[in-house]
Amino acid sequence: MFVIPAMEYAQVGESYDLIIGIDGSRVSNFLDFQDRMREVRGGELVYLSVVRDGHRKQITVKVPTDMVNLAW
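Quick notes on the rules
Residues numbered from 1 in each chain as written. Predicted model: local features only at pLDDT ≥ 70, side-chain atom pairs only at ≥ 80, totals over all residues. Heavy atoms only, no water. Salt bridge = Lys/Arg side-chain N within 4 Å of Asp/Glu carboxyl O. Helix = DSSP H or I, 4+ residues; strand = E, 2+ residues; numbered from the N terminus. Buried < 20%, exposed > 50% of the residue type's maximum accessible area, 1.4 Å probe, protein only. Pairing = 2+ DSSP bridges. Contact = heavy atoms within 4.5 Å. Axes fitted to C-alpha atoms, helices over the stretch in contact; angles between N-to-C directions.

## Concerning the pattern of salt bridges
- Taken as a whole and assessed by the stated rule, the structure comprises two salt bridges.
- Note that Arg52 and Asp17 form a salt bridge whose closest N and O atoms lie 2.9 Å from each other. Placement of the pair is Arg52 in strand β3 (residues 45–52) and Asp17 in the loop between α1 (3–10) and β1 (18–22), with a sequence separation of 35 residues.
- A salt bridge links Arg38 to Asp35, with the shortest nitrogen-to-oxygen separation between them at 4.0 Å. Taken together, the positions of Arg38 and Asp35, both in helix α2 (residues 30–38) and three residues apart, correspond to about one turn of that helix.
- Owing to a relative accessible area of 38%, Asp35 belongs among the partly exposed residues under this scheme.

## Quick look at the sheet that holds β1
- Reading across the sheet, the four strands line up as β2-β1-β3-β4 and stay open at both edges, with antiparallel pairing between neighbours. The open sheet is flanked by β2 (25–26) and β4 (55–62), the only strands paired with a single partner.
- Strands β1, β2 and β3 of the sheet are contacted by α2, whose axis makes an angle of about 45 degrees with β1.

What follows is the structure in structure tokens.
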């Protein structure tokens, strides 16, 4: 629920992006991703490390303030 609006805002998801890290911590599956995102609060910046078209990129995403207290 949270990831989709934030990813649309940051243009993540284009051409099959692969998220490999959040704020410098490696994620290798959805459970890792979920654990990292559970700690995020509205208004914070999250740095996603992604692989796009074979190249590693870092994308900054501001967490919408209306996305606070979501149950994962």
